Each structure stands twice: as structure tokens, then as C-alpha cells.
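Geometric and topological summary
Read off the chains here:
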Amino acid sequence: VQRVTFQYNIVRHTAGGVNILGTDNLQPSQRTNHLTIRHNVFDDMTASAWGSGSKPFQMGDGPDSVTIDHNTVVTTDATIVSLYGGTLTSPTPITHSAYTNNLSLHNSYGIFGTGLSAGLASISAYLADGVVTRNVLAGGPASKYPAGNFFPTTAAWPSLFVGYAAGDYHLAASSGFVHAGTDGDDLGADIDTVNA
């Protein structure tokens, strides 16, 4: 699987979002490569309603060139990005990756690799040559993540949006994240284009 773009979608009322496997688990294959997941809204990923075990983003067994950019994620799942593959002492890296300009709560584990602690330990093991910046991980510990990410409180999370309770995920002007992306755009998905 290669050169796939998934963009401008609403993924709603489901246990999980995107699961990327680097190589086929049953037969020999080339590496999955050049996938882009951008400008999507992942809404109401509530484990108690839709099932558990999935995550908004799962990546494992070493895909190459995966970009997850400008997504808005509303989930109760403990982990936002789940990384796996290889062994505890020798994880299989996900090369040339980017996790940028996304909006979510951190919840319990945020970016989490199997057998490791959340944040820098997992990023260093699985995304060592990747870019993880300009993301909101609300309620997360800033000290465990690369500089350049944002950690408003969990209580402040709803106020980042124009109408969070009603499902209006346009960023509020007062959020501080309008035009804060690496590209000068608002963090999260382009809600006008998604809605259109």
C-alpha cells in the first residue's frame, strides 16, 4: 500500500480511526509508504459506546513516510497515537513520519509505544527521525514531549472551539491556536472544507 491520501472526512461514532500496518502480517510484502491523513474530524470515539481496543491512530511494524497533519480528534480513548512493532529492546521504527498541527486531548497516554512510557520515550523509539510539533495534546505533560507542542488544561479544551458541545469544531479566536500551524493555518482540521 503506497501513495494514499485520506482527507476532508468526518469519522464519527466509531471505536477507532486509522490503523497503518507497515508490512503484511500473513504474507511477504513491501513496506507501506507515503500515506497522508490530513484535515479530518474524528468525532465521538467513545469506547463505552462504540467498543474498545482501537485508537484514533495506530501505526506498527515500520511503515515509511506517514504524515498525520491537521486533524481534530474527539475521543475518550486513553491513547491518541499507538505505536507498536518489533521487540521491547528493538522496536521497529516508523521512518520519515510527521505528526503535526493536530488537536486532541492527551487523555492517559497521548503518544504511546508498546512497553514504553508516553511521550519522548515512545517518540524516540518509534519516530526517531520524525517530526512531532505544533500539536495540541490538552491535559498532557509538556515535559514529556518535544518543544513546540501545546498543552492547555483538560478544563480549557472545550473553550478552544466555537461550539464544542454542539459539535462545532471551528477554533475560537480566543483559543490562541488560530494561524498557529507549521504552515500558518489554524491547528486541527479545516472545518469549512470538511463540512462542505
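Please refer to the structure placed before this passage.
This write-up is about the structure you can find in this document. Positions within a chain are numbered from 1, following the residues in the order the chain's sequence is written. In keeping with the predicted nature of the model, local features appear solely for residues at pLDDT of at least 70, side-chain atom pairs appear and are counted solely at 80 or more, and the whole-chain, interface and lining totals rest on all residues. To obtain the side-chain values, all non-hydrogen atoms of the structure were included, while hydrogens and water were left out.

1. Things to note about the sheet that holds strand S12 (residues 110-113)
- One open sheet accounts for four strands, arranged S3-S6-S9-S12; its pairing is parallel. The sheet is open, and its two edges are formed by strand S3 (18-21) and S12, each paired on a single side. Neighbour-to-neighbour, the strand axes of the sheet open up by a mean angle of 10°, direction not taken into account.
- At least two bridges found by DSSP between two strands are what make those strands a pair. Strands are runs of DSSP state E lasting at least 2 residues, helices are runs of H or I lasting at least 4, and numbering of each runs from the N terminus. As paired strands, strand S9 (residues 79-84) and S12 are joined by four bridges and run parallel to one another. Paired with valine 81 across the strands is isoleucine 111, a residue of S12. The axes used here are C-alpha line fits, helices contributing only the stretch in contact, and every angle between their N-to-C directions lies in the interval 0 to 180 degrees.

2. With respect to the pattern of salt bridges
- What makes a salt bridge here is a side-chain nitrogen of Lys or Arg within 4 Å of a carboxyl oxygen of Asp or Glu, nothing more. As enumerated under the stated definition, the model contains two salt bridges in all.
- For arginine 12, the salt bridge goes to aspartate 43, with nearest N and O atoms at 3.0 Å. Here arginine 12, found in strand S2 (residues 10-12), pairs with aspartate 43, found in strand S5 (residues 41-45); they are 31 residues apart in sequence, far enough to count as distant.
- Remark: exposure states derive from per-residue accessible area (1.4 Å probe, protein chains only) relative to the maximum for the residue type, with buried under 20%, exposed over 50%, and partly exposed in between. Looking at arginine 12, the relative accessible area reads 39%, which means it is partly exposed.
- Note on aspartate 43: relative accessible area 9%, which makes it buried.
- For lysine 55, the salt bridge goes to aspartate 77, with nearest N and O atoms at 4.0 Å. Placement of lysine 55 in the loop between helix H1 (47-50) and strand S6 (57-60) and of aspartate 77 in the loop between strand S8 (72-75) and S9 is noted, with a sequence separation of 22 residues between them. As far as burial versus exposure is concerned, lysine 55 and aspartate 77 are alike and both buried.

3. What about the pairing of strand S7 (residues 64-69)?
- Burial analysis of S7 places five of its six residues in the buried class, which makes it a mostly covered element.
- As judged from the five bridges shared by strand S4 (residues 33-38) and S7, these two strands associate in the parallel manner. Pairing of asparagine 33 across the sheet is with aspartate 64, part of S7.
- Pairing between S7 and strand S10 (residues 98-100): three bridges, direction parallel. Residue pairing across strands places isoleucine 68 opposite tyrosine 99, the latter belonging to S10.

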